[in-house]
Amino acid sequence: MMRHYHSLEEVSTQNAWLTVGVFDGVHRGHQRIIQKLVHDAHTQAEPAVVLTFFPHPATVLSGHEIKCLTTPDERADHLINLGVDHVITQRFTRDLSTATAHEYMTQLKQSLGLKHLLIGYDFALGKGREGNAARLTEIGKELDYTVEVVDALSDESGVISSTEIRKLVATGNVAEAAKLLGYQYSMSGVVIRGAGRGRTINFPTANVDYSKQKAAPSNGIYACWAHLGEEKFMAATNIGFNPTFTPERQDPSLEAYLLDFDRDIYGQSLRLEFVARIRDELKFNSVEALIEKIYDDVDRTRELLA
């Protein structure tokens, strides 16, 4: 049964309980809204629907690309795992940004049979962000839907936000990012062939072809959990330019050395959960010095994941 849609036209539902937003990362603050939506909708035997956008609206409006914490499919998986019945990822365009709040809410009423709208405390939609809680409530009286506002979720560092989590990931603070997300930050992709240097020094790595739309942790070595299908392995993971061998590289590579593992997994999908940062990426003067440091990284990975 299809539950992730890529346009409003694909969905057919009535009496939808809906929330709208980017929900990048589906962090703990988002989860609070989603869990309330699902609980309240299902109590009324109505469908819980989430409408989200891709690319990030700020990317379209500013022209500056925002690397996301989750791809559309990853985001949909998180939302469905929280009990959402339908996830709609609508393509965000400049044309869409010019629609008034009334025009857009009319479309949602027609497409989803909108019954109840749940929004965050600072939510706004429509041209010039004119569709705030007060305006959406006003439109709701005309179109026959109700509006409910949920307060922001805060912790000791303040309001939990995707922007703050992106900053943490970008600086390699994956442990702190996980506290705000409510789960370990991850990157995934198909294992592709690399230069094969790791095998020559008895540390064969899996080169992961990750989505370049994703926010990548800063260059360095990390202790990760590697998920291969239903199996789970410890992994010492390097993200960066491999300066000892390829200082001219432009895009960072993602390579994982899976501990206690010796299989050919080319073409298979691998997901890496970032648990802790071990060190910066370094350039070594000799292969022997590199090997010695890798042994240290492997020992540290075992300690951190034990």
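First, a word on scope: everything that follows refers to the structure included in this document.

Cut-offs applied
- Residues numbered from 1 in each chain as written.
- Predicted model: local features only at pLDDT ≥ 70, side-chain atom pairs only at ≥ 80, totals over all residues.
- Heavy atoms only, no water.
- Pairing = 2+ DSSP bridges.
- Helix = DSSP H or I, 4+ residues; strand = E, 2+ residues; numbered from the N terminus.
- Contact = heavy atoms within 4.5 Å.
- Axes fitted to C-alpha atoms, helices over the stretch in contact; angles between N-to-C directions.
- Buried < 20%, exposed > 50% of the residue type's maximum accessible area, 1.4 Å probe, protein only.
- Patch = residues over 30% accessible without salt bridge, like charges linked within 9 Å, V, L, I, M, F, W, Y side chains within 5 Å.
- Areas by Shrake-Rupley, 256 points an atom, 1.4 Å probe, with all protein chains shown as cover.
- Salt bridge = Lys/Arg side-chain N within 4 Å of Asp/Glu carboxyl O.
- Polar contact = N/O pair within 3.5 Å; in protein donor to acceptor, adjacent residues only side chain to side chain.
- Expected span 1.5 Å × (residues − 1).
- Arc of directions from axis to C-beta.
- Core = buried A, V, L, I, M, F, W, Y, C linked by side-chain atoms within 4.5 Å.
- Phe/Tyr/Trp six-rings, centres within 6.5 Å; stacked < 30°, edge-to-face > 60°.

**Here's the deal with the sheet that holds strand S4 (residues 86-91)**
Here is step 1: Strand order in this open sheet of six strands is S1-S4-S3-S2-S5-S6, and the pairing throughout is parallel. Because the sheet does not close on itself, it has two edges, and the strands there are strand S1 (4-5) and strand S6 (146-150).
Here is step 2: Two elements, strand S3 (residues 48-54) and S4, share six bridges in a ladder whose sense is parallel. Considered in S4, the bridge of phenylalanine 53 is made with glutamine 90.
Here is step 3: Here helix H3 (residues 72-81) sits on the sheet in contact with S1, S3 and S4, set at roughly 165° to S3.
Here is step 4: Sheet strands in contact with helix H5 (residues 101-112) are strand S2 (17-20), S3, S4 and strand S5 (116-120), and its direction is about 130° off that of S3.

**Structural notes on the side chain of serine 186**
Here is step 1: Here serine 186 shows up in strand S9 (residues 185-192).
Here is step 2: Residue serine 186 is classed as buried on the basis of its relative accessible area, which comes to 13%.

**A closer look at a nonpolar patch on the surface**
Here is step 1: A contiguous nonpolar patch, built from Tyr121, Val149 and Val159 and spanning about 270 Å² of accessible area, is present on the exposed surface.
Here is step 2: The topology assignment puts tyrosine 121 in the loop between S5 and helix H6 (133-143).
Here is step 3: By relative accessible area, which is 47% here, tyrosine 121 ends up partly exposed.

**A short note on the side chain of histidine 4**
Here is step 1: Positionally, histidine 4 belongs in strand S1.
Here is step 2: A distance of 2.7 Å separates the side chain of histidine 4 from the side chain of threonine 89, its partner in a polar contact.

**What about helix H10 (residues 287-305)?**
Here is step 1: Here H10 contains 19 residues, and its C-alpha end-to-end distance of 27 Å stays within 8% of the 27 Å for a straight helix at 1.5 Å per residue.
Here is step 2: For H10, the set of buried residues is Leu290, Ile294, Asp297, Val298, Thr301 and Leu305. Each buried residue of H10 sits inside an arc of 100° when the element is viewed along its axis, so together they form one side. In H10, the exposed residues that point more than 90 degrees away from the buried face are Glu288, Glu292 and Glu303.

**Brief notes about the nonpolar core**
Across soluble globular proteins, nonpolar side chains have a tendency to be buried as a group.
Here is step 1: By size, the foremost hydrophobic cluster in this structure holds 31 residues, and its most contacted members are Ile165, Leu254, Leu258, Leu270, Leu272 and Phe274.
Here is step 2: Looking at this core, the elements that each hand over two or more residues are helix H7 (162-170), helix H8 (174-181), S9, strand S10 (206-210), strand S11 (220-228), strand S12 (231-240), strand S13 (253-258) and strand S14 (269-279).
Here is step 3: If we ignore the near neighbours within four places in the chain, the residues touching isoleucine 165 are His27, Leu69, Ile160, Ala177, Leu180 and Leu181.
Here is step 4: If you look at the next biggest cluster of nonpolar residues, it comprises 27 residues, including Tyr5, Leu18, Phe53 and Tyr145.

**Quick word on unusual backbone geometry**
Here is step 1: Of note, the amide linkage connecting phenylalanine 54 to proline 55 takes the cis form, showing an omega dihedral of 0°.
Here is step 2: Along the chain, proline 55 turns up in the loop between S3 and helix H2 (57-62).
Here is step 3: The residue asparagine 15 is not glycine, and still its phi comes out positive at about 55°.
Here is step 4: As for its placement among the helices and strands, asparagine 15 is situated in the loop between S1 and S2.

**Brief notes about the packing of aromatic side chains**
Here is step 1: The full count for this structure, using the stated rule, is five aromatic pairs.
Here is step 2: Residues phenylalanine 53 and phenylalanine 92 carry aromatic rings whose centres are separated by 5.7 Å and whose planes lie at 85° to one another, so their mutual orientation is edge-to-face. Of this pair, phenylalanine 53 sits in strand S3 while phenylalanine 92 sits in the loop between S4 and helix H4 (94-97), and the two are 39 residues apart along the sequence. Across this residue pair, the class does not change: phenylalanine 53 and phenylalanine 92 are buried.
Here is step 3: Consider the rings of phenylalanine 203 and tyrosine 257, whose centres lie 5.0 Å apart with planes at 70°: the pair is edge-to-face. You can see phenylalanine 203 sitting in the loop between helix H9 (197-200) and S10 and its partner tyrosine 257 sitting in strand S13, a full 54 residues away along the chain.

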